[in-house]
Amino acid sequence: MFFTTDLATISHGIQLAVAPVFLLTAVSGMIGAVAGRLARIIDRARLLEDRIEAAPADKPMTAQYIELARLRRRGALVNACIALLTFCAILIGLTIVVLFLGETTELQIYRIATFCFLSGVLFFLAALLCFFAETLLATRILKFGRPRDH
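Quick summary incoming for the structure in this document. Please read these numbers as outputs of a predicted model, since none were measured by experiment.

## Looking at helix α2 (residues 21-54)
For α2, which comprises 34 residues, the first-to-last C-alpha distance of 49 Å matches the rise-based estimate of 50 Å (1.5 Å per residue) to within 8%. Along α2, the residues that are buried comprise L23, V27, M30, V34, L38, I41, A45, L48 and I52. Check the buried side of α2 and you find it contacts α3 (62-104) and α4 (110-141).

See the structure below:
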């Protein structure tokens, strides 16, 4: 594999490869936000499980079991979102590598870069859909002033 030593070509390769980094920044920020939501879901589920375990055997904890089921669904969506974002980040990282190699070597691999980038964007969009669905579920749980059923 022949690597170029031309400074202008290397500089252009770096410029091409750096552009997708902005998407990586957005992905990493979203992973942080979604991971925070997952932590809150887990904390709430642990609290409910502790309440269920501490409750007398003759007291039905129906509302808590229903909320746990909803939290399980939300957790599954958040996990899917994190997985999609991780795949997105991997594909964008591969895009960066392929763009740089395509510019600084004789390899004709720009189609691979196109595939990786578009696939990464599709994974990002799918993650946004999971995030949207999870936030809808989260707000459906809220009562907004209505009395809670206990």
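## A few points about α4
Its 32 residues give α4 an end-to-end C-alpha distance of 47 Å, which sits within 8% of 46 Å, the value for a rise of 1.5 Å per residue. Every buried residue of α4 is accounted for by A113, C116, S119, G120, F124, A127, C130, E134, L137, A138 and I141. Check the buried side of α4 and you find it contacts α2 and α3.

## What to know about the environment of E49
Positionally, E49 belongs in helix α2. You can call E49 partly exposed: its relative accessible area is 39%. Sequence separation between E49 and Q64 is 15 residues; the distance between their C-alpha atoms is 8.1 Å.

## Section: the packing of α2 against α3
Close contact between α2 and α3 brings their axes to 9 Å; oriented N to C, the two are set at 160 degrees. The pairing of α2 with α3 is recorded here as roughly antiparallel in orientation. The two elements α2 and α3 cross, and the hand of that crossing is left-handed. The class makeup of the residues in the contact of α2 with α3 is 24 nonpolar, 4 polar and 5 charged.

## A closer look at a nonpolar patch on the surface
Together, I14, V18, V21 and F22 make up an exposed nonpolar region whose accessible area comes to about 370 Å². Broken down by secondary-structure element, the contributors of at least two residues to the nonpolar patch are α1 (7-18) and α2. On the secondary structure map, F22 appears in helix α2. For F22, a relative accessible area of 64% translates into the label exposed.

Cut-off values and rules
Residues numbered from 1 in each chain as written. Predicted model: local features only at pLDDT ≥ 70, side-chain atom pairs only at ≥ 80, totals over all residues. Heavy atoms only, no water. Helix = DSSP H or I, 4+ residues; strand = E, 2+ residues; numbered from the N terminus. Expected span 1.5 Å × (residues − 1). Buried < 20%, exposed > 50% of the residue type's maximum accessible area, 1.4 Å probe, protein only. Contact = heavy atoms within 4.5 Å. Axes fitted to C-alpha atoms, helices over the stretch in contact; angles between N-to-C directions. Parallel < 35°, antiparallel > 145°, perpendicular 65-115°, else oblique. Left-handed = near helix turned anticlockwise from the far one by under 90°. Nonpolar A, V, L, I, M, F, W, Y, C, P; charged D, E, K, R; others polar. Patch = residues over 30% accessible without salt bridge, like charges linked within 9 Å, V, L, I, M, F, W, Y side chains within 5 Å. Areas by Shrake-Rupley, 256 points an atom, 1.4 Å probe, with all protein chains shown as cover. Salt bridge = Lys/Arg side-chain N within 4 Å of Asp/Glu carboxyl O.

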